[in-house]
Amino acid sequence: MSGPYEGEHSTQRLPVIEHGPDAAADPGLDQSASAADYDAVPVLAEGDGGRAGRFWSVRRVPAGLCALLILAAAGIFLYDIAAVRAHHSAMRWRSGLADWLAQHPVDDVAVLAGAAVVALLGLWLIVLALTPGLRGILPMRRRSSAVRAGLDRGAAALVLRDRAMEVSGIQSARVRLGRRRVVVKALSHFRELDDVRADLDAALGAGIRELGLAGPPGLAVHVSRSVRKG
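### A short note on the packing of helix H4 (residues 153–165) against helix H5 (residues 193–210)
For step 1, the next point in the chain: Two numbers describe how H4 lies on H5: the axes approach to 9 Å, and their chain directions differ by 150°. What the angle tells us is that H4 and H5 run roughly antiparallel. Classified by chirality, the crossing of H5 by H4 is right-handed. Residues Leu160, Arg163 and Ala164 of H4 lie in contact with H5, whose contacting residues are Leu200, Ala203, Leu204, Ala206, Gly207, Ile208 and Glu210.

### Looking at the pairing of strand S5 (residues 181–188)
For step 1, the next point in the chain: Burial runs high along S5: 6 of the 8 residues are buried.
For step 2, the next point in the chain: Here strand S4 (residues 170–177) hands over to S5 after 3 residues, the two strands then running antiparallel side by side.
For step 3, the next point in the chain: Alignment of S5 against strand S6 (residues 218–226), held across 8 bridges, turns out to be parallel. Along S6, the bridge assignment pairs Ala186 with Val223.
For step 4, the next point in the chain: In terms of handedness, the path from S5 via H5 over to S6 forms a crossover that is right-handed.

### Brief notes about the environment of Asp162
For step 1, the next point in the chain: Within the secondary structure layout, Asp162 lies in helix H4.
For step 2, the next point in the chain: On a C-alpha basis, the gap between Asp162 and Ala173 in space is 8.9 Å, while along the polypeptide they are 11 residues apart.

### Things to note about the packing of aromatic side chains
For step 1, the next point in the chain: Per the counting criterion, the structure on display carries 1 aromatic pair.
For step 2, the next point in the chain: Taking the centre distance of 5.6 Å and the plane angle of 75° together, the rings of Phe77 and Trp93 count as edge-to-face. Remark: Trp93 occurs in helix H2 (residues 92–103) and Phe77 occurs in helix H1 (residues 60–85); sequence separation between them is 16 residues.
For step 3, the next point in the chain: Exposure remark for Phe77: the relative accessible area of 40% places this residue in the partly exposed category.

### A word on the pattern of salt bridges
For step 1, the next point in the chain: What the rule picks out here adds up to 4 salt bridges.
For step 2, the next point in the chain: One salt bridge in this structure joins Arg161 and Asp162, with 2.9 Å as the shortest N-O distance.
For step 3, the next point in the chain: Overall, the relative accessible area of 35% leaves Asp162 in the partly exposed class.

### Focus on the confidence of the model for the chain
For step 1, the next point in the chain: With 76% of its residues at a pLDDT of 70 or more, the chain shows a mean pLDDT of 75.
For step 2, the next point in the chain: Below a pLDDT of 50 lies the segment residues 1–29, which in the model reaches 92 contacts outside its immediate sequence neighbourhood of four places, other chains included.

### Structural notes on the nonpolar core
For step 1, the next point in the chain: In this structure, Leu160, Ile170, Val182, Leu200, Leu204 and Leu219 are the most contacted members of the largest nonpolar core, which totals 26 residues.
For step 2, the next point in the chain: Only H4, S4, S5, H5 and S6 provide two or more residues apiece to this core.
For step 3, the next point in the chain: Broken down by element, the residue count for this core peaks at 6 residues, all from H5.
For step 4, the next point in the chain: Setting aside residues no more than four positions away along its own chain, Val182 makes contact with Leu160, Val175, Arg176, Leu177, Ile208, Pro217, Gly218, Leu219 and Ala220.

About the criteria used
Residues numbered from 1 in each chain as written. Predicted model: local features only at pLDDT ≥ 70, side-chain atom pairs only at ≥ 80, totals over all residues. Heavy atoms only, no water. Axes fitted to C-alpha atoms, helices over the stretch in contact; angles between N-to-C directions. Helix = DSSP H or I, 4+ residues; strand = E, 2+ residues; numbered from the N terminus. Parallel < 35°, antiparallel > 145°, perpendicular 65-115°, else oblique. Left-handed = near helix turned anticlockwise from the far one by under 90°. Contact = heavy atoms within 4.5 Å. Buried < 20%, exposed > 50% of the residue type's maximum accessible area, 1.4 Å probe, protein only. Pairing = 2+ DSSP bridges. Right-handed = clockwise from strand over helix to strand, strands pointing away. Phe/Tyr/Trp six-rings, centres within 6.5 Å; stacked < 30°, edge-to-face > 60°. Salt bridge = Lys/Arg side-chain N within 4 Å of Asp/Glu carboxyl O. pLDDT = per-residue confidence, 0-100. Core = buried A, V, L, I, M, F, W, Y, C linked by side-chain atoms within 4.5 Å.

Here it is as structure tokens:
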């Protein structure tokens, strides 16, 4: 199986799931909001299922590109050094690069710009090496040390949206699910907003627990009534 709230995804966008014909309608002044925290259910002891950590991406594309660039640069330099050792002239580009560097001091704008680009590239590679990635997969509680399970962020948001639509009085609902927080914005077309919000808190709280996540996120519910036109 293959995400608390982290803003809109880049590599992966946070799921925004809408339902109902007036899902895009602007809410009116009549609204009710709540924020409920749900404590994480403790994982099993280390001897039972083990700790449920995040899934790590293999980063195949950045690692492959970096390896190809290093291999190409090393091969070119090795060939040039071997040619010079064999009493051949050095490549024109290396001689030109050496002359250019000899004519430009360290504080030259072009040298500083090149150094900044290289430093940013190295920082990007370090960040990729030290961060898990796979932000779209939420780790689930482990019941066996031999099995690791994850839940897709979009699938979890869809389940919670369906739970919200089952509450009486809900016309449409939008769910944004992150690793730390679930934000639900709903439109109600009848019933008191506070009553609808309370039912949503209960239904979505139970839904979050039933997802079986290793670290269940907190819940923020916003209920409003759509503006009637005409």
